[in-house]
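Inside the fold
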Amino acid sequence: MNAANKLELLPAVDVRDGQAVRLVHGESGSETSYGDPLQAALAWQAAGAEWLHLVDLDAAFGTGDNRAQIAQVARSMDIKVELSGGIRDDDSLAAALATGCTRVNIGTAALEDPEWVAKIIAEHGDKIAVGLDVRGTTLRGRGWTRDGGDLYETLARLDSEGCARYVVTDINKDGTLQGPNLELLKNVCAATDRPVVASGGVSSLDDLRAIAALVPEGVEGSIVGKALYAKAFTLEEALAAV
Ligand SMILES: O=C(O)c1ccccc1NCC(=O)[C@H](O)[C@H](O)COP(=O)(O)O
């Protein structure tokens, strides 16, 4: 639980082909474009965000990367940055950490390269979060395109290796504005004592209040993407609501 016992909000900037975009179900090709990622990130910062969730979607999908641009955005922020997408080896991890980000979110590698992930958890501790991206209870990797094992088995392994935090996404909810999967969040919180960051599906201030009600169970924060871009509410309203 964070010190203030308050839900942290992480507005998302997902970058594809140099543009801030939103996807539906994380599917490549479902993009809606929202312009310059730096302008989007600066807007969330100006609105009072304490965190930015910054994703290199090309790196996640294996369709190239936006590494230089992502680094420029991360370095331009005065707030904390969580960097995600395609961090799978020493080179991509070093590039991510060199941006000065607060932490990185590891997805595919946690499923496909458990030894490397155990090593970087031991080396970097709190700077490493693991993204648990699920359909049902099956994890998905490679930009959410491939099955990667059972959620709870993987969670138990990562817990035993000292993983500091999990970013939990229900892919079926992501980018849909259909509300978060509160059941999934509760179940993950019951299975681990590590903090959980919720991701996917937030559509309203009531959704954020419902996630905030899970702070005592272990939810630390919530990523918000599409709802902000679709202007369902403002970030200022969201920060005031939780
Ligand atoms: O985070 C990743 O690495 C990633 C990889 C492949 C597809 C999508 C990915 N992230 C998406 C996000 O982090 C979204 O920004 C987040 O879940 C917000 O969802 P929503 O509020 O439903 O727009």
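Computed from a predicted model, the values in this text were never measured in an experiment.

A few words now on the nonpolar core. Val13, Leu52, Leu54 and Ile106 are the most contacted members of the largest nonpolar core, which totals 64 residues. Those residues in contact with Leu54 that sit more than four places away from it in its chain are Val13, Val15, Ile70, Val73, Ala74, Val81, Glu82, Leu83 and Ser84. Of all hydrophobic cores here, the second largest spans 7 residues; its members include Leu10, Ala129, Val197 and Ile223.

Right, let's get into the site of the ligand. In the vicinity of the ligand there are 20 residues, among which Arg22, Asp174, Gly175, Ser199 and Gly201 approach most closely. Between Gly175 and the ligand, the recorded distance is 2.6 Å, taken from a backbone N or O atom to an oxygen atom. Between Gly201 and the ligand, the recorded distance is 2.8 Å, taken from a backbone N or O atom to an oxygen atom. Expressed as a share of its isolated accessible area of 530 Å², the protein-covered part of the ligand is 95%. Of all the secondary-structure elements, those providing two or more residues to the shell around the ligand are β1 (8–16), β4 (51–56), α2 (57–61) and β12 (219–224). In the shell around the ligand, the residues fall into 7 nonpolar, 9 polar and 4 charged.

It is worth spelling out the UniProt feature "active site" (unreviewed entry) in the protein at this point. UniProt tags Asp14 and Asp133 as "active site" (unreviewed entry). Checked against the element boundaries, Asp14 lands in strand β1. Judged by relative accessible area, Asp14 falls into the buried class, the value being 10%. Excluding residues within four positions of it along the chain, Asp14 makes contact with Gln19, Ala20, Val21, Arg22, Val55 and Leu57.

A few words now on the state of the cysteines. This model, assessed by the stated rule, comprises 0 disulfides. Note on Cys163: no disulfide assigned, nearest cysteine sulfur contributed by Cys189 at a separation of 14 Å. Using a relative accessible area of 1% as the deciding quantity, one classes Cys163 as buried. Taking relative accessible area as the criterion, Cys189 reaches 6% and is therefore assigned buried.

Another point: the pattern of salt bridges. A full pass over the atoms with the stated rule returns 14 salt bridges. The salt bridge partner of Arg67 is Asp91, with a shortest N-O separation of 3.4 Å. Of the two residues, Arg67 is situated in helix α3 (residues 67–76) and Asp91 in helix α4 (residues 90–98); the sequence distance between them amounts to 24 residues. Residue classification places Arg67 among the partly exposed residues on the basis of a relative accessible area of 36%. Here Lys119 ties to Glu123 by a salt bridge, and the two come within 4.0 Å at their closest N and O atoms. One end of the pair, Lys119, and the other, Glu123, are both in helix α6 (residues 114–124), 4 residues apart, so they sit about a helical turn from each other.

Walk down a regular strand and you will see the side chains alternate between the two sheet faces. Where burial is concerned, the two faces of strand β11 (residues 196–199) agree: the one with Val196 and Ala198 and the one with Val197 and Ser199 are both buried. The sheet contact formed by strand β10 (residues 166–170) and β11 spans 4 bridges and is parallel. Residue pairing across strands places Val168 opposite Ala198, the latter belonging to β11. Note on the crossover from β10 through helix α8 (residues 182–191) to β11: the handedness is right-handed. Summarising the sheet, β11 and β12 pair through 3 bridges and their orientation is parallel. Bridging from a neighbouring strand, Val196 pairs with Val219 of β12. With helix α9 (residues 205–212) bridging β11 and the parallel β12, this β-α-β connection has right-handed handedness.

Conventions adopted
- Residues numbered from 1 in each chain as written.
- Predicted model: local features only at pLDDT ≥ 70, side-chain atom pairs only at ≥ 80, totals over all residues.
- Heavy atoms only, no water.
- Core = buried A, V, L, I, M, F, W, Y, C linked by side-chain atoms within 4.5 Å.
- Buried < 20%, exposed > 50% of the residue type's maximum accessible area, 1.4 Å probe, protein only.
- Contact = heavy atoms within 4.5 Å.
- Near = heavy atom within 4 Å.
- Polar contact = N/O pair within 3.5 Å; in protein donor to acceptor, adjacent residues only side chain to side chain.
- Areas by Shrake-Rupley, 256 points an atom, 1.4 Å probe, with all protein chains shown as cover.
- Helix = DSSP H or I, 4+ residues; strand = E, 2+ residues; numbered from the N terminus.
- Nonpolar A, V, L, I, M, F, W, Y, C, P; charged D, E, K, R; others polar.
- UniProt positions renumbered as here; feature names shortened; annotations may be inferred.
- Disulfide = S-S within 2.5 Å.
- Salt bridge = Lys/Arg side-chain N within 4 Å of Asp/Glu carboxyl O.
- Pairing = 2+ DSSP bridges.
- Right-handed = clockwise from strand over helix to strand, strands pointing away.

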